[in-house]
Amino acid sequence: MAEEENVKVAVRVRPFNKRENGRNAKLIVKMQKNSTMITNPSDANETKTFTFDHSYWSFDGCKENKDGYFEPDPSHKHGKQFADQNKVFNDLGRGILDNAWAGFNTSLFAYGQTGSGKSWSVFGYGVNKGIVPILAEELFKEIDAKKDSGATFEVKFSMLEIYNENVRDLLDPNGAKKKGGLKVRQHPKRGFYADGLKEVFVSSYDDINARLEEGTVNRTVASTNMNATSSRAHTISGIRFVQRAKNDAGKEMEKKALLNLVDLAGSERAESVYGKYLGYGNYSERVESTGAQGDRLKEGASINQSLSSLGNVISALAKLSEGHSARVPYRDSVLTKLLQNALGGNSKTIMIAAISPADINYDESVSTLRYADRAKQIKTKAIVNEDPTEKLIRELKEENDRLKHAMKSGDISTEALQDMAGKEVLSKSEIDALKKEWLAEMKANMKANEKEAEDHKKTTEEKVSEQKSQDSEKESALQKVLEEKKSKPHFFNLNFDPQLSGRLVHIIQKSETEIGNQKGKESDICMVGPGVHETHAILRQDKKHHRVWIKQAEKDCRVLVNGDAITDEVELFHNDRLVFGSTQLWVFQNPKEKDSDKKKYPPITYEYAQEEIAAKAGVKVDSAGGGDVALLQEDLIDVMPAVEEANSISEELDKRVKFEIILISPQMLGKMQGTKAEVCVKMKNLENGTEFIWPKEKFLNRLYLMKEMYNNYEEEDDWDLPEEKDPFQEDVNTDVNIGTVQVFLQPIAYMVEMKEQLEITDIKGNKIGVMNLEVAPCNKKGKEYTETDDMFVDSPEELVGKEVHFWFKIVNCRGLPNKYTDVHCKYRVYLDEQDITTDKISLTSNPDFNHKKMFSFTPATRQLIDYLNTGSIMVQIVGKQFIRKSAVAQRKQLTTKEMLKGDRGAFSKTANLMNGFQMNGRVVDPQKQSIVVELLLMKKTQARLQQRCDNMKKMLEKAEDLGRHGVSTRVIKSFFNAHTDEQIRAAVKQLEEEEDDEGYRSASPLSQNQQSSVCNLL
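This structure is a prediction, so every number in the text was calculated from the model and none was measured.

Cut-offs used in this document
Residues numbered from 1 in each chain as written. Predicted model: local features only at pLDDT ≥ 70, side-chain atom pairs only at ≥ 80, totals over all residues. Heavy atoms only, no water. Helix = DSSP H or I, 4+ residues; strand = E, 2+ residues; numbered from the N terminus. Areas by Shrake-Rupley, 256 points an atom, 1.4 Å probe, with all protein chains shown as cover. Pairing = 2+ DSSP bridges. Axes fitted to C-alpha atoms, helices over the stretch in contact; angles between N-to-C directions. Contact = heavy atoms within 4.5 Å. Phe/Tyr/Trp six-rings, centres within 6.5 Å; stacked < 30°, edge-to-face > 60°. Polar contact = N/O pair within 3.5 Å; in protein donor to acceptor, adjacent residues only side chain to side chain. Core = buried A, V, L, I, M, F, W, Y, C linked by side-chain atoms within 4.5 Å. Buried < 20%, exposed > 50% of the residue type's maximum accessible area, 1.4 Å probe, protein only. Parallel < 35°, antiparallel > 145°, perpendicular 65-115°, else oblique. Left-handed = near helix turned anticlockwise from the far one by under 90°. Nonpolar A, V, L, I, M, F, W, Y, C, P; charged D, E, K, R; others polar. pLDDT = per-residue confidence, 0-100. 1 Å grid on protein atoms, 1.4 Å probe; cavity = no way out; pocket = protein on both sides within 12 Å on 5 of 7 lines; lining within 4 Å. Points joined across faces, edges and corners; volume = space filled by probe spheres on them. Salt bridge = Lys/Arg side-chain N within 4 Å of Asp/Glu carboxyl O.

(A) Here's a closer look at the overall build of the chain. On a plain count of helices and strands, the chain comes out with 28 helices and 45 strands. If you sum the accessible surface of the chain, you get close to 49600 Å²; carbon and sulfur atoms cover 48% of it.

(B) Here's a closer look at the sheet that holds strand 5 (residues 47–51). A sheet is described by the order of its strands in space; here three strands give the open sequence 3-4-5, paired in antiparallel fashion. With one partner strand each, in any of the chains shown, strand 3 (29–32) and strand 5 form the two edges of the open sheet. Sheet twist, expressed as the average angle between the axes of neighbouring strands with direction ignored, equals 20°. Inspection of the sheet shows strand 3 paired to strand 4 (residues 35–39) by four bridges, in the antiparallel sense. Within strand 4, the position partnered with Gln32 by the bridge is Ser35. Taken strand by strand, helix 11 (residues 362–375) contacts strand 4 and strand 5, and its axis lies near 35° from that of strand 5.

(C) Spotlight on the packing of aromatic side chains. Within the structure shown, the criterion is met by 22 aromatic pairs. The interplanar angle of 85° and the centroid separation of 5.9 Å between the aromatic rings of Tyr830 and Phe857 together place this pair among those described as edge-to-face. Separated by 27 residues along the polypeptide, Tyr830 in the loop between strand 40 (820–827) and strand 41 (836–837) and Phe857 in strand 42 (residues 848–857) bring together distant segments of the chain. Chaining the aromatic ring pairs together yields one cluster made of Phe806, Tyr830, Phe855, Phe857 and Tyr867.

(D) Representation of the side chain of Asp373. Note on placement: Asp373 falls in helix 11. A polar atom in the side chain of Asp373 sits 3.0 Å from the side chain of Lys376. With sequence-adjacent residues up to four places away left out, Asp373 is seen in contact with Phe50, Thr51 and Phe52.

(E) Local environment of the nonpolar core. In this structure, Phe659, Phe699, Val743, Met771, Leu868, Val875 and Ile877 are the most contacted members of the largest nonpolar core, which totals 73 residues. Of the residues forming this core, the biggest block, nine residues, is contributed by helix 18 (residues 627–652). Counting 47 residues, the second-largest nonpolar core is a separate cluster that includes Ala194, Val328, Ala342 and Val366.

(F) Looking closely at the packing of helix 25 (residues 969–976) against helix 26 (residues 981–993). Relative orientation of the contacting elements helix 25 and helix 26 amounts to 165°, with a least axis distance of 8 Å. Between helix 25 and helix 26, the angle is such that the two are roughly antiparallel. With respect to the hand of their crossing, helix 25 and helix 26 are arranged in left-handed fashion. Between helix 25 and helix 26, the residues in contact are Arg970, Val971, Ser974 and Phe975 and Ala987, Val988, Gln990 and Leu991, respectively. When the residues that make up the contact of helix 25 with helix 26 are grouped by side-chain class, the tally is five nonpolar, two polar and one charged.

(G) Summary view of the confidence of the model for the chain. Scored by pLDDT, the chain comes out at a mean of 80, with 78% of its residues at no less than 70. Across residues 269–294, where pLDDT falls below 50, the model places 52 contacts with residues more than four positions away in sequence or in other chains. A low-confidence stretch, residues 904–908 (pLDDT under 50), is modelled with 15 contacts involving residues beyond four sequence positions or located in other chains.

(H) Highlighting the sheet that holds strand 22 (residues 490–493). Strand order in the open sheet formed by six strands is 23-22-32-31-28-29, with antiparallel pairing between adjacent strands. Strand pairing shows two members of the sheet lacking a second neighbour, strand 23 (505–507) and strand 29 (564–565), which therefore form its edges. Taken together, the three bridges between strand 28 (residues 559–561) and strand 31 (residues 577–580) define a ladder with antiparallel strand orientation. Residue pairing for strand 31: Val561 is matched across the bridge by Leu578. Docked against the sheet, helix 17 (residues 606–616) engages strand 28, strand 29, strand 31 and strand 32 (584–589), running at close to 75° with respect to strand 31.

(I) Representation of empty space enclosed by the protein within the structure. Summed over all chains, the structure comprises eight cavities of 30 Å³ or more. By volume, the largest cavity is sized at about 70 Å³. Every residue along the wall of the largest cavity is listed here: Ile96, Ala100, Phe104, Thr106, Leu135, Leu139, Ile239, Phe241, Ala257, Leu258 and Leu259. Put simply, the parts of the chain that give the lining of the largest cavity at least two residues each are helix 2 (85–102), helix 4 (131–145), strand 17 (234–246) and strand 18 (252–263). Counting residues per element, the lining of the largest cavity draws most heavily on strand 18, which supplies three residues.

(J) Structural detail: the pattern of salt bridges. Taken as a whole, this structure holds 46 salt bridges when the rule is applied. Residue Glu569 pairs with Arg540 through a salt bridge whose shortest N-O separation is 2.9 Å. Note that Glu569 is positioned in the loop between strand 29 and strand 30 (570–572) and Arg540 in strand 26 (residues 537–542), a separation of 29 residues in sequence. Residue classification places Glu569 among the partly exposed positions, given a relative accessible area of 35%. Looking at Arg540, the relative accessible area reads 34%, which means it is partly exposed. Measuring nitrogen to oxygen at the nearest pair gives 3.6 Å for the salt bridge that ties Asp822 to Lys880. A residue pair is termed long-range when its members are at least 10 positions apart, and Asp822 in strand 40 and Lys880 in strand 43 (residues 872–881) qualify at 58 residues. Residue Asp822 is classed as partly exposed on the basis of its relative accessible area of 24%. By relative accessible area, which is 14% here, Lys880 ends up buried. A network of salt bridges, in which partner residues are shared, links Lys658, Glu660, Lys682 and Glu691.

Next up, the structure:
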């Protein structure tokens, strides 16, 4: 019988890491029992609370015992709260183990941004073992305890990776060479599976760990050779546990359980995608700020397909669990197909969401918590997978007979085809293609059934023996490399993903070793990637004295040693960092040197090497800068090598495009708040001179597509793409931001007209022209107020609850650069969701827009008045770039390499990027326009005060002429608030008609209280 239960969700917060400590990060996460609270670092009053099955506090409250295990520290205030590895296993892993023995499938998801601590919970390190190693050890202990029971046990392990909608077998060293990867098939009973996925026998956790290492090495090869990028890939490791024993009736029964360990791509990659499909409100704001929304290639990029499909599936399953009807689109991606059982089928499912405690990772942590919160609503129905062995064999044969009959008759229903397509209306060509796909599925299923039936006939000993004979040669080669590492100089790789660093090793065997790519003659050490030449570098080794030197094979071969480009032969020393081309990052190790000098060498990480390269280029990581400065430096360090890589690919593929890093203040991007400059990338078409600014996220998304194109080029496939799909291209008709003007609305909050000529600044903050505009208060019919109407208010508060109307006018722009056409302005006011645009003007540097629009608010709310008083309108001047044919003709004959010559390094210019931004105490933008507004209001206020002083003088003079001893406050108010000649005359008349002060003095005390207060004239 099926057991229905919700997905069990646990959240775990780790301690600060080295990067966060270096950035003086602040703790923003709290946990109480099962609740997790996270506070917005920008608003201390905004705290979000989430409730899960478990909230694990592992930030502090522990101590390291003599064995190196981190256990709760009773003396610490959070000692009782601290969740160690055993606590997590007992809560989650113990249930997985019990489910496996009971015959239930179980899935364990690990989710969180890269570096959030997913691996710590799932695998652990050293004696601090995670769920998987403890579970495996316990499983094999129990198997050993039951080996004399007459039952037989089989444990198999598999490991696959999903990248760019391709499935790759990570236990197959040649898996990366299989074009298109493994096919995902659908079996009538088992559901979706990866056809041809290798499953290997394991008899201990050491075996499982060895296979994990093997799979990780194969991932690293692919990542280093650009076939995959680990932070965009999902990995699924499978442990299949089979028990065979005779029941009371003497029949052999088979009980099966599949444990899937799913490591989802880092949540920082998925944030904008998941946010959209899980219904969280800031999606449109986020994608607009990152620029992904406007990218024509975003939706077409299969790199995001699994992420968006997974969000759709979770959203649909959550609706189903709430009682709503919904179609669950499992077929939309490879990932969701393979996870169908884990998410909504025959499986008990657990998710561990790992989060950072630091304020600098707030957005990513909130995204992770929201995702986990949605997932906990999903329900699954697990059944015990137990049947007689002979029945299983018989059913496999019957299933094959049924498949043969179906294939022969071509018998497939329209409903089945519609289900395969995920839609109801199908064209004839689509039906024909689906029938062809269905036939291939039938053949594959028959083959899988036959293989399974054959496996049932073999004993466990026979299967293990077959596998050992296949593995022995591979194991001996690995042992040889590990042994040589101890004594011979070698390189090991560095990777963005710490799990993939140090997995590839090149032993330097010869006196002279050649490093090059795989083209032409075979090099001693092969490195594949942009910028790596056929023969790239030469290593010279003095074996007697254990010394190694390196030099370029040719002058234009890029080789960096410890961040410096080499031009002559240089000696390598232990722990030196090397870059070949633009993506190959390695560490040199010389064991003999290390043993002889007894020096202490720091551990070398990918971050260390990239920060070193950045420092040599002028970007020094300075933790004292704190907050925005630290985040800006990190963004630069992320983007610098990516820009270098994109330029290298452009050069090799002759794409005639150059990329440069550019820093833009938030005001230039239309943001009202924030002081942190945004790291963007300028894409320049070297042939026609057009330039486009890509936000960081858009550039990185495009880079993944560039890598895919380059990889196809390396494999000599049909690599080039039409212009509309080419990641190096941008449509020349795309509007670009020419400049911006920030218009403060404070004059309207005081009902004052403003006519100004304001500076237009480009994305770098340079003045590129002026804009003449007006902001004028008016009545509801649109008639503008004049000085005689005197609508000035002393405080914006006076407008709350009243009608507010005003005109916003863009008269013209003067002095714009002459390389644009179809120039127009766009802006939004208050809560507008759509841009308001002016007419388009062409072929002039001085466009006259004569645009005006009236805005009415009835009544004015406090929120509106606050916006008028402190807010502004960002007017963006946009247009299309005008291409001069003469310039294109001149460059037509040049290659990308020739056009890039003399401008090789995006790095060399980075030192000057910071100028004008909030670095070393400088501020981004002094907001000159706000000063203009303040001066305008000060003049108006001064004029009003002067008028009141004059009115008081007139009142005093008139009172003296009338011989008065005092004036009532009623009359004083009339003079004080009089702004026109008519109001002054009325106030004078009031004074003349009023009785003298003596009249008040003679009145009784009672009547005194009933009269107006009196001001005595001294």
